[in-house]
Amino acid sequence: MTPLELGAAVALATILVLLLGVPVAFALGGVAIAALAWFEGADGLDRVADTFLWALEDTALVAVPLFVLMGVAASLSPAAGDLRELLKRWLHKMPGGLIVANLGASMLFSGLSSTGSATCMAVGRDGLPELRERRYPDGVAAGAIAAGGTLGILIPPSLTMIVYGIAADLDIGRLFLAGLLPGVMLTGLFVAWSLMAARRWRGRYGDFARGYSKDERWAILPKVLPFMAIIAGVLYALWTGIARPFEAAAVAAVVCLIFVALIYGMWRATAQWRILREATREAAAVLIVIAAAALFGHMLAHFGVTQAVERTVFDLDLRGWELMLAINLYLLIAGLFLPAVAVILMSVPVLVPIVTGAGFDPYWFAVVMTVNLQIGLITPPLGLNLYIVQALAPDMPLRAILKGALPFILCIAYGIVALYFYPEIATWLPDRLMGPHA
Amino acid sequence: MTVLIHLITALSKFCGGVAAALVLAVLILVCDIVVLRYLVGLPVTWQAELVTYLMIALTFIASPYVLVTRGHVNMDVLPRALGRAGRIVLGVLAAVISMGFCLGIAWASLGLLREAVSEGWRSDMVWGIGLWIPYVALPVGIGLLALQYLADILGYVSGREPSVDFDLEGEPSPDADGPAEGGGAAP
């Protein structure tokens, strides 16, 4: 069996095990252990435990549970609802303002939450029922909530960027900044499609239940601004380099816990303990996938699969858009089955040398990769956000949600093309603020 | 059997509490690092190392709790498409595969732990502070995860399908050991 054949066999086995419903972490780890035991016997298992254990030995990863803690504190509080409310009040005169408010809230809330599903849940909880009630077409409403949620992995702080930064040994603060404008661009594309689709459907947009006075518009601002200040503070700390990501994350988490206590009265020990437990649950789920992906990567490298793939791609001598097309197709397929952090951890060691060798910027590529992996959040079979939307609107068939999400996938694809032709969308802000990188 | 399942579930939930306390410890320690580094201006030595070990430990200790609350990311396209009988068969199969992985890792980590003890982690300065934490957490956490999978399998076999619900309020689903859902109703 050549390494490439072995790689194909392993990929097939992994997909089969995943389809059975085995959690991603144990599917990756289980296939890795099985392959090592099958081909190497007991000797193959020598390094299994320490690879799995020490995959997490990186102080930068401490930012993961801490950013998750900040996001959970915000999403268990009414902060996302207030963000929506703020945008609603300010946009109530705009035709289609309601859907713009929801997408805008997704974008802003992505700055508090570092995962896609948390954003989707926090904004969609009230957003989706309201959109449907205000007579937006089901597909557009569901698609906008699902797609808006995908911004969580692109807009800083973002767990995928942290993992990319660790795997490729790049500056995490710079990666965060690189994701900011592309996140705004994608929001714009989502808004454009939603408005077009909603208009074509009924010839007019769902109205607001009522208008809002000037006082009402200003009244909600003090509740929301503190949370926006946290986001700005994190970005400022990382941009100027005064704090490392995990330090900024800790301070941001503490401040966020204080804000939800002060603004929303969540100061009781039970409320704070609930936040802590939920954050533990979400962070541990991400971290164990990282450990398992490292074990899987160790297995692939051990059998020479990684090296063989690298050589094959190198021999193909793809350049420019051909290379990017091939890589994006690969990412699209991988993202169908695996969460973004797993794909990044396993692919970055192979892809980043190829991409930088072909003259592309590694920070720009982080954005392209993350945007591509956003698609996996709204496509089956993994499609985490699709299932959240379905849980939020149980009467809506999955087929309708999928159909509604499809145009948003095209928006994301369009965003990737735009990033290819205008890499400045990703690189301008970090270059401007931090100077060109070496 | 029911008592055993309840006992294991309670143990897994307790793990969640321990792991949450570890998250709190990580938060406090990193804040300590920040205060020392920026306010006091002292060099930070062992804290960063310890904080990393605590994070590793909490990942493994939390894993049975994550399972009980159905927090591990997985694909449930196929189980959703099947009827109750098919779901149970797939559920058992998936639990057996996952348990196989857990037992493999737990076994391998015991070897690692033994090696670490025999080479004496306490005497050797290079081993640093709290190195035993991850070494102990891996077999304990993953071992308890295997136990929780055993409880899941027992549950399937005795007709008490573990719930796949997740609560929209973000509250960990309390009825993981509750009555089975009938039909193919999606959460």
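Our subject is the structure listed above.
It should be emphasised that the depicted structure is a prediction, and the values quoted were computed from it without experimental measurement. (Residues numbered from 1 in each chain as written. Chains lettered and ligands numbered in written order. Predicted model: local features only at pLDDT ≥ 70, side-chain atom pairs only at ≥ 80, totals over all residues. Heavy atoms only, no water.)

Turning our eyes to something else, we now look at the overall build of chain B. The helix and strand tally for chain B stands at five helices and zero strands. In sequence order, the secondary structure elements of chain B are arranged as α-α-α-α-α. Here chain B holds 187 residues, and the buried ones make up 50% of them. Taken as a whole, chain B presents about 8,200 Å² of accessible surface, with 71% of it coming from carbon and sulfur. (Helix = DSSP H or I, 4+ residues; strand = E, 2+ residues; numbered from the N terminus. Buried < 20%, exposed > 50% of the residue type's maximum accessible area, 1.4 Å probe, protein only. Areas by Shrake-Rupley, 256 points an atom, 1.4 Å probe, with all protein chains shown as cover.)

Time to look at a nonpolar patch on the surface. A surface patch of nonpolar side chains, about 500 Å² in accessible area, is lined by Trp321, Leu325, Leu329, Leu332 and Ile333 of chain A. Within the fold, tryptophan 321 of chain A resides in helix H16 (residues 320–337). (Patch = residues over 30% accessible without salt bridge, like charges linked within 9 Å, V, L, I, M, F, W, Y side chains within 5 Å. Salt bridge = Lys/Arg side-chain N within 4 Å of Asp/Glu carboxyl O.)

A contiguous patch of negative charge on the surface is contributed by Glu40, Asp43 and Asp46 of chain A together with Glu115 and Glu119 of chain B. Inspection of the secondary structure assignment puts glutamate 40 of chain A in helix H2 (residues 24–40). The exposure class assigned to glutamate 40 of chain A is partly exposed, which follows from its relative accessible area of 35%. (Lys, Arg positive; Asp, Glu negative; His and termini not counted. Charge placed at Lys NZ, Arg CZ, Asp CG, Glu CD.)

Moving on to the pattern of salt bridges. All names here are of chain A. Overall, the coordinates contain 15 salt bridges over all chains when judged by the stated rule. We note a salt bridge from arginine 132 to aspartate 395, for which the minimum N-O separation is 2.9 Å. Pair noted here: arginine 132 is in helix H7 (residues 116–133) and aspartate 395 is in the loop between helix H19 (384–392) and helix H20 (398–421), with a separation of 263 residues, a long-range link. Under the relative-accessibility criterion, arginine 132 is labelled partly exposed at 22%. For aspartate 395, a relative accessible area of 57% gives the class exposed. A salt bridge links aspartate 431 to arginine 174; its shortest N-O distance comes to 2.7 Å. Placement of the pair is aspartate 431 in helix H21 (residues 424–434) and arginine 174 in helix H10 (residues 172–202), with a sequence separation of 257 residues.

This part covers unusual backbone geometry. All names here are of chain A. Put simply, proline 156 and proline 157 share a cis peptide bond, and its omega is -5°. Along the chain, the position of proline 157 falls in the loop between helix H8 (138–150) and helix H9 (159–168). Residue proline 381 follows proline 380 across a cis peptide bond; omega there is 5°. Considering the arrangement of structural elements, one finds proline 381 in the loop between helix H18 (362–375) and H19. Phi is positive for aspartate 169, which is not a glycine, with a value near 55°. Its location among the elements puts aspartate 169 in the loop between H9 and H10.

A few words on the nonpolar core. Core analysis: the biggest nonpolar cluster contains 231 residues, and Phe52, Tyr164 and Phe365 of chain A together with Ile142 of chain B have the highest contact counts within it. Examining the composition of this core, we find that 19 residues originate from one element, helix H14 (residues 269–302) of chain A, more than from any other. Beyond its immediate chain neighbours, meaning those up to four positions away, phenylalanine 365 of chain A contacts Tyr164, Met324, Ile327, Leu351, Val352 and Val355 of chain A. (Core = buried A, V, L, I, M, F, W, Y, C linked by side-chain atoms within 4.5 Å. Contact = heavy atoms within 4.5 Å.)

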